[in-house]
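# Structural features, examined
For reference, the chains in residue letters:
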Amino acid sequence: MAYELVTIGTSLGGLSALKTLLRSLPREFPAALAIVQHRHRESDQAMSAFLQQFTVLPVHEVEDKECIQPGHVYFAPADYHLLVEYGYFSLSVDEPVSYARPSIDVLLESAADAYHEQVIGVILTGANHDGVQGLSTLKARGGTAIVQDPDTAESAVLPTAAIAAVNVDWVLPLGQIAPRLIHLCAPAGA
Amino acid sequence: MAGTSGFKEQSELSRTSPVSILKPNDVDIHLLVEGLYHRYGYDFRNYAKASLKRRIHTFLKGENLASVAELQAQMLRDRACAERLLLGLTVNTTAMFRDPSFYQAFRQQVVPLLRTYPFFRIWHAGCSTGQEVYSMAILLQEEGLYPRCRIYATDANEKVLHTAKQGIYPAKQMQEYTQLYLQAGGRRTFSEYYTAHYSNVILRPFLRERIVFGEHNLVTDGSFNEFNVIICRNVLIYFNQTLQNQVHELFYNSLCKFGILGLGKQETIRFTKYETAYDELAKAEKLYRRRS
């Protein structure tokens, strides 16, 4: 079954890693991407505007109940958790998880719940453990887990913890993650 | 893997049956929510599923229960457990002058409109423990409009309303609140608005004078007055689209002509039936004006 959603979680060093990843995805990329990058709660939309410069895919800062469209990039807004329902996003201002709001765990777990084996979870550079639990749930529900090779990560803490805790499908250097996503998400027979 | 076969079953069955077939985990949640409604009248049936599910699982851990099914059985037998669950399912994240740019926009865009009324009513729906209501009172006081208004502050939860009425908050939060007050365009010294009392502060009584606190449930209760302004921030995110539409109907019918609606920073009327019923007054701050 084709993948419909790629969820990505990252904290320290994430902006630069996301730049590398997003700029390699083509206009016809067939899945939606949902991203949690840990950020200060007072940060504005400058981050998504910044990343828009590096990708041909439209970048959104998610608004509550926004539809999930293939080939679009969705950012968790500052100070909200980003949750996935089947076909659309929801937001919450529940307590921070692992000191983080938005939390990677919240995104990945809700995506796994809604999309099961049609979701890919990607963990990039990061300095704490938020995202490990989420990736584990995503994998348990039949999703596919990809982790950035800690040797290529600005901060190896999160990728190392994810690899230790989860039976991940691929550990890849940053530069190979986008090509892998393109390959995995390609429509059958293409 | 159960997930794969379950998925096929669902699409095949739904062709012949009007009932939507749920996965086992979702059935448990569904039954719990139905039970809570039919046994106690607490209606979470149209809450957004993903966040509701998270809070139920957090509650399970706190209660040392192994499964949602176990919680359901326990909750049906034990009213105290149901009450605790009710509290666990409601979210009360708030701060004075939360999102300071909202208050700045309110000062710039809404206050001039309010000046044209000899008297106006504000409804703060889902006021939680009251911090944002008092913030509005302070803003209106500084604009010289407070004596001309009445603020109706409502919440479905009796417990948080009690805190809101008291206007007593931990002193350790004042540093953060002061910062937000200044960012929000505050014109005086924030400490003028409270008296310190050991580890708490008590807001000055005059701030409460024009506020009426009351219980109101957005899911089940109707309109109770006509308002010039309705503020409802970060409450509707917990509702699904059906319930959001229902509440937007309530708001629309409770606003006067050209009345103002203020939502949370990432909330929008774009995905509701009332998208065309309002003009954007301050787009980024989600301040809308009823068209006619």
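Residues numbered from 1 in each chain as written. Chains lettered and ligands numbered in written order. Predicted model: local features only at pLDDT ≥ 70, side-chain atom pairs only at ≥ 80, totals over all residues. Heavy atoms only, no water.

Helix and strand counts for chain A stand at 6 helices and 9 strands. Here the C-alpha atoms of chain A give a radius of gyration of 15 Å, agreeing with the 16 Å that 2.2 N^0.38 yields for 190 residues. Dimensions of chain A, computed from C-alpha atoms along their principal axes, come out at roughly 45 × 35 × 30 Å. Scored against the burial criterion, the 190 residues of chain A give a buried share of 63%. Pairs at least 24 residues apart make up 68% of the contacts formed inside chain A by residues separated by at least 6 positions. As displayed, chain A has an accessible area near 7,000 Å², and 52% of this comes from carbon and sulfur atoms. Considering chain A, the positive charge centre built from 10 side chains and the negative charge centre built from 21 side chains are found 5 Å apart. (Helix = DSSP H or I, 4+ residues; strand = E, 2+ residues; numbered from the N terminus. Rg over C-alpha atoms; globule rule 2.2 N^0.38 Å. Buried < 20%, exposed > 50% of the residue type's maximum accessible area, 1.4 Å probe, protein only. Contact = heavy atoms within 4.5 Å. Areas by Shrake-Rupley, 256 points an atom, 1.4 Å probe, with all protein chains shown as cover. Lys, Arg positive; Asp, Glu negative; His and termini not counted. Charge placed at Lys NZ, Arg CZ, Asp CG, Glu CD.)

The end-to-end C-alpha distance of helix H3 (residues 49-63) of chain B, which contains 15 residues, comes to 21 Å, matching closely the 21 Å that a straight helix rising 1.5 Å per residue would cover. The set of residues buried in H3(B) consists of Ala50(B), Ser51(B), Leu52(B), Lys53(B), Arg55(B), Ile56(B), Phe59(B) and Leu60(B). Looking at the buried residues of H3(B), the elements they touch are strand S5 (81-85), strand S6 (88-92) and helix H3 (104-115) of chain A together with helix H2 (24-40), helix H4 (68-77) and helix H5 (79-89) of chain B. Residue Asn64(B) follows H3(B) closely and has a positive phi angle near 60 degrees. (Expected span 1.5 Å × (residues − 1).)

Within a sheet, each strand pairs with its neighbour through backbone hydrogen bonds, oriented either parallel or antiparallel. Residues and elements named next belong to chain B. Taking strand neighbours across the sheet as the criterion, the 3 strands line up as S3-S5-S4 in an open arrangement whose pairing is antiparallel. A single partner strand is all that each edge strand has here, and the edge strands are strand S3 (168-170) and strand S4 (194-197). Each neighbouring strand pair of the sheet contributes to a mean axis angle of 30 degrees, computed without reference to strand direction. Across 3 bridges, the pairing between S3 and strand S5 (residues 200-203) is antiparallel. Along S5, the bridge assignment pairs tyrosine 169 with valine 201. (Pairing = 2+ DSSP bridges. Axes fitted to C-alpha atoms, helices over the stretch in contact; angles between N-to-C directions.)

All names here are of chain B. Taken as a whole and assessed by the stated rule, the structure comprises 26 aromatic pairs over all chains. Arranged with centres 4.9 Å apart and planes meeting at 75 degrees, the rings of tryptophan 123 and phenylalanine 224 form a pair that is edge-to-face. Taken together, the residues tryptophan 123 in strand S1 (residues 120-125) and phenylalanine 224 in the loop between strand S6 (211-215) and strand S7 (227-232) connect sequence positions 101 residues apart. Grouping aromatic residues by their ring pairs yields a cluster made of Phe97, Phe102, Tyr103, Phe106, Tyr181, Phe190, Tyr193 and Tyr194. Just above the ring of tyrosine 252 sits the side chain of arginine 290; from NZ or CZ to the centre is 4.1 Å. (Phe/Tyr/Trp six-rings, centres within 6.5 Å; stacked < 30°, edge-to-face > 60°. Lys NZ or Arg CZ within 6 Å of the ring centre and 35° of its normal.)

So, on to the nonpolar core. Counting residues in hydrophobic clusters, the biggest one holds 80 residues, and the most contacted among them are Leu71(B), Leu218(B), Phe239(B) and Phe251(B). Ranked by residue count, the leading element in this core is H3(A), at 7 residues. Both domain 1 (2-89) and domain 2 (100-290) of chain B contribute no fewer than three residues apiece to this core. Leave out the neighbours within four places in its chain, and Leu71(B) touches Leu32(B), Ile56(B), Phe59(B), Leu60(B), Leu65(B), Cys81(B) and Leu85(B). (Core = buried A, V, L, I, M, F, W, Y, C linked by side-chain atoms within 4.5 Å. Domains from an automatic or database assignment.)

What follows concerns the interface of chain B and chain A. Listed as interface residues are 35 residues of chain B and, on the opposing side, 34 residues of chain A. Between chain B and chain A lies a buried interface of about 2,800 Å² when both sides are counted; carbon and sulfur atoms form 49% of it. One can count 6 salt bridges joining chain B with chain A. For the interface between chain B and chain A, the tally reads 18 residue pairs in polar contact (both at pLDDT 80 or more). Of all the secondary-structure elements, those providing two or more residues to the side of chain B that touches chain A are helix H1 (2-16), H3, helix H9 (174-183) and helix H10 (241-254) of chain B. Residue contributions to the side of chain B that touches chain A peak at 6 residues, all from H3(B). For the side of chain B that touches chain A, the class distribution of residues is 11 nonpolar, 13 polar and 11 charged. (Buried area = accessible area lost by both parts, 1.4 Å probe. Salt bridge = Lys/Arg side-chain N within 4 Å of Asp/Glu carboxyl O. Polar contact = N/O pair within 3.5 Å; in protein donor to acceptor, adjacent residues only side chain to side chain. Nonpolar A, V, L, I, M, F, W, Y, C, P; charged D, E, K, R; others polar.)

Next up on the list: the packing of H4(B) against H5(B). All names here are of chain B. Packing of H4 against H5 brings their axes to within 5 Å, and their N-to-C directions diverge by 120 degrees. In terms of orientation, H4 and H5 fall into the oblique class. Where H4 approaches H5, its residues Leu71, Gln74, Met75 and Arg77 are matched on the opposing element by Arg79, Cys81, Ala82 and Leu85. Taken together, the residues that form the contact of H4 with H5 break down as 5 nonpolar, 1 polar and 2 charged. (Parallel < 35°, antiparallel > 145°, perpendicular 65-115°, else oblique.)

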